[in-house]
Amino acid sequence: MSLTLNTDIAIIGGGIAGLWLNAQLRQQGFNTLLIEHNTLGGGQSVKSQGIIHGGAKYALHGALTGSSEAIADMPERWRKALQGEGELDLRGVRLLSDAHYLWSPGSIAGNLTSFFASKAMRGRVDQVKGQQLPAALQHKDFKGRVYRLAELVLDVPSLVQRLADLAGDSLLQAQTITPRYANQQLVGVQADNYSINAQRVVLCAGSGNQDLLQAFALSKPEQQLRPLHMVMAKGPALLPLYAHCLGGGSKPRITVTTHPAADGRWVWYLGGNLAEADGVARSEPQQIAAAQAEVAQLLPWVNQEATQWATLRVDRAEPVQSGLVRPDNAFVTEQGSLLVGWPTKLALAPDFSDRICKLLARDGIQPSSKQSYPDLPRPRVAQPIWENAFN
Ligand code: FAD
């Protein structure tokens, strides 16, 4: 038997985009239902490195052209939210690092000259030395330069949990989602046995958007997937490190973030160039060997003997773009009462939400009278990836 639920906005996908938007709309008084077919955050979000970028990485190759880019505002917006003074109350979310670092292992690379000259970077980067260095780089043999960026690194599992708490009774687990039409107009979705009436439907299901668009008989917007082959290392010799290590090219040679495992050990999560094209082509043992060689070369004092290694393959989902430049803004498009998008970065979830809210305001969509929902099947919060990686 089908049960009818009335809501204002039906959100499909419980990653950072859907969860942030859901919390924001509920705060504005909207009735919402967020439908997730698996675990909350279990797509790309909990597999991300949790860096709240301010665009420094893009300034390296000139793609960040000015302070007007949405990404430049993100660290400050998130910082306020973490302090309970922002658009959402994210107090209780674990801040792993108050800064992300840029680390040049040799002498200053040529591309850093234009980086420091870039208008977008002015006042946002300071060189650090000695005891100000990240713990893993405080070694007598360390050579190179390190710059502190005004960017944050978050513990994403605790972020997803907080946003799930803010979701109240609006979460629904359902496997099959199809559109519902009346007079050829989209009026909501069928989610398993629930017939949901909504003023607007938002698809923000990461890589799942493609199949959902097909279910809605739409061929646009097109999605692109960018495969990555990430590496995890866990061991007693690993100390916290949050840094882009610069190579010769425009992309970081490796990007290291450090995450707390339940047994009290630190887990290094390695991305950047290591995880891109060549890394994707490598088998798991080859990718681990490549990561071990990078660590041996860049941090030779780290004793790797008792370190465990694992890799993770994951696709980044984004709208199709021309050229190789990555978007520094969230992407949202609309087809009648259907809105579709990708935040393109965890950091840009607030920008994604802003764009949806603007479209709702433009169309005069207002909260209807408060609904309360029966006990709905509730999706679980995803486990941190490093908890099951080393079995
Ligand atoms: P997802 O997190 O993928 O969530 C989509 C959700 O939709 C999933 O829960 C999925 O189960 C659900 N879903 C799919 N299909 C359906 C369906 N048919 N019905 C119902 N639900 C469905 N960004 C940063 O800003 N900083 C970083 O440091 C960073 N590091 C990254 C590292 C890696 C390895 C990767 C892969 C990405 C990284 N990103 C980073 C990018 C960031 O993770 C993503 O842009 C962001 O998490 C996307 O969020 P999302 O909600 O759109 O998608």
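Treat the numbers as computed from the prediction; the structure is a model and nothing was measured.

> Break down the state of the cysteines for me, with residues and values.
By the definition in use, this model includes zero disulfides. Free of any disulfide, C204 has its nearest neighbouring cysteine sulfur in C357, separated by 12 Å.

> Give a detailed account of the pattern of salt bridges, specifying residues and quantitative values.
Opposite charge on two side chains makes pairing possible when the charged atoms of those side chains draw close. Per the counting criterion, the structure on display carries 16 salt bridges. Of the charged contacts in the structure, one is a salt bridge between R77 and E87, with a shortest N-O distance of 2.5 Å. With a gap of 10 residues between them, R77 in helix α3 (residues 74–82) and E87 in the loop between α3 and β5 (95–97) connect regions that are remote in the sequence. R77 gets classed as partly exposed once you look at its relative accessible area, which sits at 22%. Within this structure, E76, R79, D98 and R148 form a network of salt bridges that share partners.

> Kindly report on the sheet that holds strand β4 (residues 51–52), identifying the contributing residues and their values.
Sheets are built from strands that pair by backbone hydrogen bonding, the pairs being arranged parallel or antiparallel. Spatial strand order, β4-β9-β5: three strands in an open sheet with antiparallel pairing. With partners counted over all chains shown, the strands left at the sheet margins are β4 and β5, one partner each. Strands in contact with α3 are β4, β5 and β9 (152–154); relative to β9, the strand with the most contacts, it is inclined by about 50°.

> Which residues make up the packing of α3 against helix α9 (residues 349–362), and what are the values?
Across the interface, α3 lies against α9 with an axial gap of 10 Å and an inter-helix angle of 90°. Comparing the axis directions of α3 and α9 gives the class roughly perpendicular. Packed against α3, whose contacting residues are M74, R77 and W78, the element α9 presents A349, P350, D351 and D354 at the interface. Within the contact of α3 with α9, the residues separate by chemical class into four nonpolar, no polar and three charged.

> I'd love a proper account of the nonpolar core, names of residues and values included.
In a soluble, globular protein the nonpolar side chains are often hidden away together inside. One finds W78, L90 and F352 to be the most contacted residues of the largest nonpolar core, which totals 49 residues. Among the elements of the structure, β2 (9–12), α1 (16–27), α3, β9, α5 (156–166) and α9 are those that each provide at least two residues to this core. The biggest single contributor to this core is α1, with seven residues. Residues from two domains meet in this core; each of domain 1 (3–45 + 159–222 + 324–381) and domain 2 (54–154 + 225–317) gives at least three. Listed in part, the 29 residues of the second largest apolar core include F142, A243, W268 and L299.

> Tell me what's going on with unusual backbone geometry, and back it up with residues and numbers.
In the segment running from K220 into P221, the intervening peptide bond is cis, with an omega of -5°. Counting through the fold element by element, P221 comes out in the loop between α6 (209–215) and β15 (223–234). One non-glycine residue, D192, lies in positive phi territory at about 50°. Mapping D192 onto the fold places it in the loop between β12 (185–191) and β13 (194–197). Looking at D192, the relative accessible area reads 32%, which means it is partly exposed. In this structure, A217 is a non-glycine residue whose phi angle is positive, near 55°. Relative to the helices and strands, A217 resides in the loop between α6 and β15. Relative accessible area serves as the criterion here: at 69%, A217 is assigned to the exposed category.

Cut-off values and rules
Residues numbered from 1 in each chain as written. Predicted model: local features only at pLDDT ≥ 70, side-chain atom pairs only at ≥ 80, totals over all residues. Heavy atoms only, no water. Disulfide = S-S within 2.5 Å. Salt bridge = Lys/Arg side-chain N within 4 Å of Asp/Glu carboxyl O. Helix = DSSP H or I, 4+ residues; strand = E, 2+ residues; numbered from the N terminus. Buried < 20%, exposed > 50% of the residue type's maximum accessible area, 1.4 Å probe, protein only. Pairing = 2+ DSSP bridges. Contact = heavy atoms within 4.5 Å. Axes fitted to C-alpha atoms, helices over the stretch in contact; angles between N-to-C directions. Parallel < 35°, antiparallel > 145°, perpendicular 65-115°, else oblique. Nonpolar A, V, L, I, M, F, W, Y, C, P; charged D, E, K, R; others polar. Core = buried A, V, L, I, M, F, W, Y, C linked by side-chain atoms within 4.5 Å. Domains from an automatic or database assignment.

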